[in-house]
Amino acid sequence: MEKYSKYKAFKGNVIYSKSKDVLIIKENSYILVTDGVVKEICNQLPYGFPKDNIIDFGNKLIIPGFCDMHVHAPQFLQRGIGMDRELLDWLNTYTYPNEAKFNNKDHARRVYTLFVDELLRQGTLHVNCFPSIHYEASEILFDILEQRGLFAFTGKLNMDQNSPDYYIEDTEQSIIDTERFVKKHHKSGNVKAAIVPRFTITCSEKLLAGLGSLSERYEVPVHSHMCEAVNEMKVVKELFPKYKNGAEIFYKNNLLGQRPTIMAHCIFMDDDVLELMKNPNCMAVHCPDATANINAGGIMPVKKLLKMGINLAIGSDIGSGASLSIARGIASTIEHSKIRNMFDPQWEAVNLTEAFYMATRSGGRYFKNVGAFEEGYCFNALVIDDSNMYSEDITPLERLERFCYVGDDRNICMRYIMGKEVEI
Ligand code: GUN
Ligand code: FE
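On a predicted model such as this, the values are computed, not experimentally measured, just so you know.

A. Highlighting the overall build of the protein chain. Counting its regular elements, the protein chain contains 13 helices and 17 strands. For 424 residues, the compact-globule formula gives about 22 Å, and the C-alpha radius of gyration of the protein chain, at 21 Å, lands near that figure. When the backbone C-alpha atoms are referred to their principal axes, the protein chain occupies close to 70 × 50 × 35 Å. Taken across its 424 residues, the protein chain has 60% of its residues classed as buried.

B. Main features of the nonpolar core. If you look at the biggest cluster of nonpolar residues, it comprises 120 residues, and the most contacted ones within it are F66, F115, M226, M277 and I330. Not counting chain neighbours up to four residues away, the residues in contact with F115 comprise V71, A73, F76, C129, L141, I318 and L324.

C. Focus on helix α1 (residues 87-100). In the structure, α1 departs most strongly from a straight axis at Y94, where the bend amounts to approximately 35 degrees and where the proline P97 lies between one and four residues downstream. Burial in α1 covers these residues: L87, L88, W90, L91, T95, Y96, N98, E99 and A100.

D. Structural view of the sheet that holds strand β17 (residues 420-421). Here 7 strands make up an open sheet; going across it, the order is β3-β2-β1-β4-β15-β16-β17 and the pairing mixed. Two strands in the sheet have a free side with no partner beyond their single neighbour: β3 (37-42) and β17. Note that strand β16 (residues 412-417) and β17 share 2 bridges and pair antiparallel. In the sheet register, Y416 faces β17, and the bridge partner there is E421. The sheet contacts of helix α12 (residues 352-364) involve β1 (7-19), β2 (22-34) and β4 (54-64), and relative to β1 the element is tilted by about 120 degrees.

E. Quick look at the coordination of the iron ion (ligand 2). Only H70 (NE2), H72 (NE2), H225 (NE2) and D317 (OD) from the protein reach the iron ion (ligand 2) as donors, at distances of 2.1 to 2.3 Å. Each of the 4 donor atoms bound to the iron ion (ligand 2) contributes to angles spanning 88 to 177 degrees, and the resulting shape is irregular. In primary-sequence terms, the residues that donate to the iron ion (ligand 2) follow H-x1-H-x152-H-x91-D. Here the residue H70 occupies a position in strand β5 (residues 66-72), and D317 occupies one in the loop between β14 (311-314) and α11 (326-343), the gap between them amounting to 247 residues. Judged by relative accessible area, which is 0%, H70 ranks as buried.

F. Fine view of the environment of V14. Within the secondary structure, V14 is located in strand β1. Through-space distance from the C-alpha of V14 to that of P64 is 9.1 Å; in sequence the pair is 50 residues apart. V14 has contacts with I24, I25, K26, S29, I31, I41, I62 and F373, leaving out every residue within four places of it along the chain.

G. The arrangement of a nonpolar patch on the surface in detail. Together, I339, M342 and F343 line one region of the surface with nonpolar side chains, adding up to about 370 Å² of accessible area. Following the sequence through the fold, M342 ends up in helix α11.

H. How the structure looks around helix α5 (residues 205-218). The end-to-end C-alpha distance of α5 is 20 Å, a good match for the 20 Å that 14 residues give at a rise of 1.5 Å each. Here α5 has its buried residues at L207, L208, G210, L211, G212, L214, S215 and Y218. Packed against the buried residues of α5 are β8 (157-158), α4 (171-185), β10 (196-197), β11 (222-226) and α7 (246-252). Looking one or two residues beyond α5, the residue adopting positive phi is E219, at roughly 50 degrees.

I. Spotlight on the site of ligand 1. Around ligand 1, the neighbouring residues are H72, Q75, L87, W90, L91, R198, F199, H225, E228, H265, D317 and S320. Here a nitrogen atom of ligand 1 and a side-chain polar atom of S320 are 2.9 Å apart. In the complex, 100% of the free accessible area of ligand 1, which totals 280 Å², lies under the protein chains. In terms of residues, the shell around ligand 1 owes the most to one element, α1, which gives 3 residues. Residue composition of the shell around ligand 1, grouped by class: 4 nonpolar, 5 polar and 3 charged.

J. View of the state of the cysteines. Applying the stated rule across the entire model yields 0 disulfides. With no disulfide of its own, C404 lies closest to C67 among cysteine sulfurs, the gap being 14 Å. In this structure C404 comes out as buried when scored by relative accessible area, which is 3%.

K. Focus on the UniProt feature "domain: Amidohydrolase-related" (unreviewed entry) in the protein chain. Look at the UniProt record and you will see "domain: Amidohydrolase-related" (unreviewed entry) annotated at residues 62-422. Secondary structure content for residues 62-422 is 42% helix and 16% strand, and the end C-alpha separation is 15 Å.

L. Structural context of the packing of α11 against helix α13 (residues 396-406). Remark: α11 packs on α13, axes separated minimally by 7 Å, with the N-to-C direction vectors making an angle of 95 degrees. Taken together, the axes of α11 and α13 lie roughly perpendicular to each other. Counted together, A327, R328, I330, A331, I334 and E335 of α11 and F403, C404 and Y405 of α13 form the full contact between these two elements. Looking at side-chain class alone, the contact of α11 with α13 contains 7 nonpolar, no polar and 2 charged residues.

Definitions and limits used
- Residues numbered from 1 in each chain as written.
- Chains lettered and ligands numbered in written order.
- Predicted model: local features only at pLDDT ≥ 70, side-chain atom pairs only at ≥ 80, totals over all residues.
- Heavy atoms only, no water.
- Helix = DSSP H or I, 4+ residues; strand = E, 2+ residues; numbered from the N terminus.
- Rg over C-alpha atoms; globule rule 2.2 N^0.38 Å.
- Buried < 20%, exposed > 50% of the residue type's maximum accessible area, 1.4 Å probe, protein only.
- Core = buried A, V, L, I, M, F, W, Y, C linked by side-chain atoms within 4.5 Å.
- Contact = heavy atoms within 4.5 Å.
- Bend = angle between axes of the 7 residues up to and from the residue.
- Pairing = 2+ DSSP bridges.
- Axes fitted to C-alpha atoms, helices over the stretch in contact; angles between N-to-C directions.
- Donors = N, O, S within 2.8 Å, 3.2 Å for Na, K, Ca; no water.
- Tetrahedral: all angles 85-135°; square planar, octahedral: opposite > 155°, others 65-115°.
- Patch = residues over 30% accessible without salt bridge, like charges linked within 9 Å, V, L, I, M, F, W, Y side chains within 5 Å.
- Areas by Shrake-Rupley, 256 points an atom, 1.4 Å probe, with all protein chains shown as cover.
- Salt bridge = Lys/Arg side-chain N within 4 Å of Asp/Glu carboxyl O.
- Expected span 1.5 Å × (residues − 1).
- Near = heavy atom within 4 Å.
- Polar contact = N/O pair within 3.5 Å; in protein donor to acceptor, adjacent residues only side chain to side chain.
- Nonpolar A, V, L, I, M, F, W, Y, C, P; charged D, E, K, R; others polar.
- Disulfide = S-S within 2.5 Å.
- UniProt positions renumbered as here; feature names shortened; annotations may be inferred.
- Parallel < 35°, antiparallel > 145°, perpendicular 65-115°, else oblique.

So this is what it looks like as structure tokens:
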């Protein structure tokens, strides 16, 4: 029928989140897609649907592409190194020397190409990136994300104090370069600008206030770290005695909740900080592997934040996290919540439905209409072939769980963005 000539039907076992508590599972169903956008899911094709427009994945799973909501692009080559250090030591010994190399554009192009390739290989189609302080390298990262078709936020990193002399910015220049970046990209397509102060330790109040004004003037989201580690929070207190905590510093400088705001870690939050983070503009990103590797001194109380209605997502946070796999991040989120529950039984462990929601639909709300397969959502999807794991006699939900715990990128046999196959 003419009506369906521009449609495609993707057939398989479809799984996506309706909410934090509800997973939709539709076995042997067709996702009807037109112009890259989901129209409906049906278990029988409409009469006269063109046979050539059916893409039949048989018994495979079809799930939304993952969202990695906190990841450091320039740390790609330092994964798995220095994992015995505590946060501030790790930053000084490994991370700052590594990130300083991105003043070289060839190096930036080479590493950022590898980084984006690996994101796609691992099924991350939506990403919120931390760059380095270098303007040119930040433009290179932006271009590569755009060329490869990802949905992304990225920016130019800011740091003007408590940083080594080979990796620090002049305050005025940092604001000028950030404005240049933001002006160029704040109204872009699927890759957009964000304001990215590293964390309060490396940013003067003058810089933070300047970035807050830019965020307001250009209506640009904010992405940073806060309440990550016991030692880090002690230093914040010493450096900013007139503020109660890192959250208040961001808030009073127009960088928390006034625009969409993503804060990585958010492990140690007093009631006043929780109140700030309840703002629907805010999202806290759980990065379980990073938390363990840099010895934060605690684990995010994920269940508590979910119950409070705080927006939550998952981040790989490489290089303090070691893997770019968000499927692995789902398993880690569940595992870490169980460890936490052993020491603080008042908060139950997280289940698969909740962790999968964080990794797909919840992270996806930052981009709008990604992370699920309801009408109007982008068909940004992964096809999971788990036939190597002997999956004949278990349910689609158990297969999803096993993919997260046991599978890897070799089980992702197709990736689609806006209905188009992604080449890797
Ligand atoms: N806090 C400030 N910078 C960083 C970083 O690069 N990684 C992590 N995990 N925390 C940070
Ligand atoms: Fe980080």
